Amino acid sequence: MSKLNLAISIRQKLTAAFVIVSLLIALVALSAIKKQFETIERAALLEAEHLATSVANTGMDDVLNKPKFLQDYINGMHNLYKRDIGIVDIHKRGVADADVKEVNQIFQHDPDNEVGKTIIDGKVRTFVELNALHAEGAKQIVVALRKDQSKLESPIVGAVILEYTQIYDELLDAAKAGLYFVIVTGIALVLFSTIFGTQVARRITRRLRELERMVSIIAAGNYSTRVPVQAADEIGSLGNAVNKMAEALALSHARQSEHAHELEQSNALLKQEVHEHQISAEKNETLAYYDSLTSLPNRILFGKLLDHSLVNARRYDKEIALFFIDLDRFKYINDTLGHEAGDELLQEIGTRIKSCLRESDAVARFGGDEFVVLVSELDEIGRLDVVARKILGAIGKSFMLVGHEFRVTASIGIATFPAAGQDAQSLLKNADIAMYQAKKEGKNNFILFSEALNTNSLQQLALESSLRHALERGEFELHYQAKVDSRSDSVTGMEALLRWNHPDLGMVAPMQFIPLAEETGLIVEIGKWVLRTACMQNVVWQTMGIPALTMAVNLSARQFSDAALLEDITSILEQTGMEPALLELEITESMLMQNIEKAIQVLTALKNKNIRLAIDDFGTGYSSLSTLKRFPLNTIKIDRSFIQDIPNNMGDKTLTKAIIAMGRSLNLTVIAEGVETKEQADFLAEHACDELQGYYFSIPVPADKFTALLQTRAMPELARAREEISLR
Ligand SMILES: Nc1nc2c(ncn2[C@@H]2O[C@H](COP(=O)(O)O[C@H]3[C@@H](O)[C@H](n4cnc5c(=O)[nH]c(N)nc54)O[C@@H]3COP(=O)(O)O)[C@@H](O)[C@H]2O)c(=O)[nH]1
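This report concerns the structure included in the present document. (Residues numbered from 1 in each chain as written. Predicted model: local features only at pLDDT ≥ 70, side-chain atom pairs only at ≥ 80, totals over all residues. Heavy atoms only, no water.)

1. Some words on the overall build of the protein
Part 1 of the argument: Counting secondary structure elements, the protein contains 24 helices and 22 strands.
Part 2 of the argument: Residues classed as buried in the protein amount to 45% of the 728 residues present.
Part 3 of the argument: Counting only contacts in the protein whose residues sit at least 6 apart along the sequence, the fraction spanning at least 24 positions is 63%.
Part 4 of the argument: If you sum the accessible surface of the protein, you get close to 38200 Å²; carbon and sulfur atoms cover 56% of it. (Helix = DSSP H or I, 4+ residues; strand = E, 2+ residues; numbered from the N terminus. Buried < 20%, exposed > 50% of the residue type's maximum accessible area, 1.4 Å probe, protein only. Contact = heavy atoms within 4.5 Å. Areas by Shrake-Rupley, 256 points an atom, 1.4 Å probe, with all protein chains shown as cover.)

Next comes the structure, spelled out in structure tokens:
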């Protein structure tokens, strides 16, 4: 309820109460006045009746015949008591009257013949006599006059008419005086009580308003406010109660503030904890779904994206494509330049791949050097080539790592939905198969998955599985191929060549399993076995009295980039007792050109161990003379591709001559591989190629056969080999 409403309401109520009470008092006073008037009239009437009756009882019957006496009596009553009495006979004729003119006159002042009626029935009647003296008329009472007044059955002989206006008026005047006093006093009292009541109401409402104002201030939170208590009445008690309530509120507010402060503190702590929890949840999510190195989605998140894309592709009958990208020779970079450089490279690769894609495509890193791309809005299958070439081009651009310029390539396998698989797992597997095929076919390219690849891949998988057990099962063996002095035809050394004697497949060619061993990393362990076996064999031959010959062993890219290479070789040399100077490591030109600085570093370390170093497949890696000069080499081995068309191919002849000249100018031993004919041998000898290797002299043979070859040192062995060649 508003302040205004409250005040008006109480005042109105009080005023209304005063008005009602005043009206009631006025009403009661009026009815009392009315009652009093009636009583006055009744009293006047009663008195007149008694008087008239007493007049009648005064033996009127006897005195009727004595009009003089009667007149005197009436005159006496008039003079003494101011009462006007008239007496009539049964004919209404005046016998005596206060007004003597009425004597002997028929009474005619009763408007309804009340006198006549009373004379007939004896009943007391009143009437108002129309009289000139009284404007309102004179009140008259008429009583029957009997012969024997004590007996009701006595005959009526006349009537007594008594005017009672005077007594009535006197009584009325006396009553009116009292009445005026009552009315004036009453009005004064009503006025006073109204004014007083209004003042009281006003004072009450003012105090109530003040109380309300104070309560509002307290309610607004100003608990120190106190209501001024003006009187010890109910409002004063209410004020005291409000003050007590304010004190209690102040106390509770203080406690609440304290509590709120504590709550605020714990809330802040809670917020902090929630914030930390959120951060850690976000971190966990990032860790769970994103690759920490490249910030690209990881395998888990990519799986979800792929599943989602497959659902859409199925629903809208669309094609999607999965690109499996694997860097070529990444391990080599990682091992030679260090992990930090490798990480930098992977980050850059991630960025480059991303830059080749549309917003709707997704790229993820699966770990290592494996990246996967999801092209979910494939308009046409032809776009796959464009995307793949774009990615290869971006990756193939040069990188600056540890202050040097490098180039890497990648192999991409592509699998499309629905052609290459119905679910995420098969799509990923088939893209992986296609990627391996791309690697096999020379790397730095892409292959779209086909069912034929799958069959091939299954074979590869079976081969890979057997390869993992080949070493422990002793299925490897080494064959040795002689190296011959071009001038004397004498054996200067041999090259150890690995053979895999598969229990089911028979002799598996190195070209079939070495790339597989390289990809799977098995080559490192296999390579160590080759080194140990070759060294042991060489020592065995020396203990057999065979003069010391150089043992050449091939190193794969992975072995060459293996950080433990030097340590492993040193330990093998120590374990086998092999003379380091008799060991020649053949490293391909392309391996050296991958990272020239690192290659120089590794070669120098090996060279410092007195190990001989040969550059294999020379002529295929486009190394310049200036670069070549920086490698601490002993030998260059001209690639078979230059030899095979000699003497017919003039270009090859010229190039071979140039390579020989260059090697000699660098004081390197020059050896030609793949020498299959006398013409080739003669040409090379003629142009001062130091050593020759090839089927013309000897095919790679097992250790026992090579022992025989060495022991006899007989040309016939070589010749036999030549014969074998010519038989092919
Ligand atoms: N990392 C390692 N690589 C190895 C090892 N053993 C062999 N290999 C490499 O495998 C490739 C194939 O080797 P392979 O089938 O043994 O072929 C060698 C010779 O048999 C072949 N050769 C020799 N003379 C001739 C010839 O007159 N004609 C002709 N067509 N082929 C001939 O050449 C291969 C030796 O080449 P190279 O090593 O370049 O001297 C091959 O790349 C091997 O390097 C191993 O243990 N580890």
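Here the narrative resumes, following the displayed structure.
2. Considerations on the sheet that holds strand S8 (residues 370-375)
By way of backbone hydrogen bonds, the strands of a sheet pair with one another, either parallel or antiparallel.
Part 1 of the argument: Judged by pairing direction, the sheet is mixed, and its five strands sit side by side in the order S7-S8-S6-S11-S12 without closing on themselves. Looking along the sheet, the strands with just one partner apiece sit at the ends: strand S7 (362-367) and strand S12 (446-448). The sheet shows a mean angle of 20 degrees between the axes of neighbouring strands, direction not considered.
Part 2 of the argument: Two strands pair when backbone bridges link them, and strand S11 (residues 409-417) and S12 are joined in this way by three bridges, in the parallel orientation. The residue of S12 that forms the bridge with isoleucine 412 is phenylalanine 446.
Part 3 of the argument: Helix H10 (residues 383-396) contacts strand S6 (320-328), S8, S11 and S12 of the sheet and is inclined by roughly 155 degrees relative to S11. (Pairing = 2+ DSSP bridges. Axes fitted to C-alpha atoms, helices over the stretch in contact; angles between N-to-C directions.)

3. Quick notes on the packing of aromatic side chains
Part 1 of the argument: Applying the stated criterion to the full structure yields twelve aromatic pairs.
Part 2 of the argument: Between the aromatic rings of phenylalanine 476 and phenylalanine 513, the centroid separation amounts to 5.9 Å while the plane-to-plane angle is 35 degrees, which identifies the pairing as tilted. Of this pair, phenylalanine 476 sits in strand S13 (residues 476-485) while phenylalanine 513 sits in helix H13 (residues 510-520), and the two are 37 residues apart along the sequence. No difference in accessibility class separates phenylalanine 476 from phenylalanine 513, as the two residues are buried.
Part 3 of the argument: Ring centres 6.2 Å apart and planes at 45 degrees place the aromatic pair phenylalanine 476 and tryptophan 529 in the tilted group. Taken together, the residues span a long stretch of sequence, with phenylalanine 476 in strand S13 and tryptophan 529 in helix H14 (residues 523-543) at a distance of 53 residues.
Part 4 of the argument: Take tryptophan 529: its relative accessible area is 23%, and that puts it in the partly exposed class.
Part 5 of the argument: Site record: aromatic cluster; members linked through ring pairs are Phe476, Trp500, Phe513 and Trp529.
Part 6 of the argument: A cation over a ring is seen here: lysine 139 above tyrosine 168, with NZ or CZ 4.7 Å from the ring centre.
Part 7 of the argument: Over the aromatic face of phenylalanine 399 sits the side chain of arginine 352, whose NZ or CZ is 3.7 Å from the ring centroid. (Phe/Tyr/Trp six-rings, centres within 6.5 Å; stacked < 30°, edge-to-face > 60°. Lys NZ or Arg CZ within 6 Å of the ring centre and 35° of its normal.)

4. Details of a negative patch on the surface
Part 1 of the argument: Taken together, the side chains of Glu136, Asp169, Glu170 and Asp173 present a region of like negative charge at the surface.
Part 2 of the argument: Structurally, aspartate 169 can be placed in helix H5 (residues 165-219). (Patch = residues over 30% accessible without salt bridge, like charges linked within 9 Å, V, L, I, M, F, W, Y side chains within 5 Å. Salt bridge = Lys/Arg side-chain N within 4 Å of Asp/Glu carboxyl O. Lys, Arg positive; Asp, Glu negative; His and termini not counted. Charge placed at Lys NZ, Arg CZ, Asp CG, Glu CD.)

5. Some words on the packing of helix H7 (residues 299-316) against helix H11 (residues 424-440)
Part 1 of the argument: Contact geometry of H7 with H11 gives a least axis separation of 10 Å together with a crossing angle of 110 degrees. One finds that H7 runs roughly perpendicular with respect to H11. In this structure, H7 uses Leu306, Asp307 and Leu310 to contact H11, whose residues at the interface are Ala424, Leu427 and Leu428.
Part 2 of the argument: Across the contact of H7 with H11, the residue classes tally to five nonpolar, no polar and one charged. (Parallel < 35°, antiparallel > 145°, perpendicular 65-115°, else oblique. Nonpolar A, V, L, I, M, F, W, Y, C, P; charged D, E, K, R; others polar.)

6. Points about the sheet that holds strand S3 (residues 125-129)
Part 1 of the argument: On the basis of which strands lie adjacent, the open sheet formed by five strands has the order S2-S1-S5-S4-S3 and antiparallel pairing. Edge positions in the sheet fall to strand S2 (94-97) and S3, since each of these pairs with one other strand and no more. Averaged over all neighbouring strand pairs, the angle between strand axes comes to 25 degrees, with direction disregarded.
Part 2 of the argument: Two elements, strand S4 (residues 138-146) and strand S5 (residues 156-163), share seven bridges in a ladder whose sense is antiparallel. Residue pairing for S5: leucine 145 is matched across the bridge by glycine 158.
Part 3 of the argument: Strand contacts of helix H3 (residues 67-81): strand S1 (84-89) and S2, with the helix running at about 35 degrees to S2, the strand carrying the most contacts.
Part 4 of the argument: This element, H5, spans S1, S4 and S5 of the sheet and lies at about 135 degrees to S4.

7. Let's talk about helix H23 (residues 703-712)
Part 1 of the argument: What H23 keeps buried is the set Ala703, Phe706, Thr707, Leu709 and Leu710. The arc that holds every buried residue of H23, seen down its axis, measures 160 degrees, which confines them to one face. Exposed residues lying more than 90 degrees from the buried face of H23 are Asp704 and Lys705. (Arc of directions from axis to C-beta.)

8. With respect to the pattern of salt bridges
Part 1 of the argument: Within the structure shown, the criterion is met by 27 salt bridges.
Part 2 of the argument: The partner of glutamate 38 in a salt bridge is lysine 34, and the shortest N-O contact between them spans 3.7 Å. Taken together, the residues glutamate 38 and lysine 34, both in helix H1 (residues 3-57) and four residues apart, mark about one turn of the helix.
Part 3 of the argument: One connected set of salt bridges, linked through shared partners, spans Lys483, Glu495, Glu584, Glu586, Arg612, Lys637 and Glu673.

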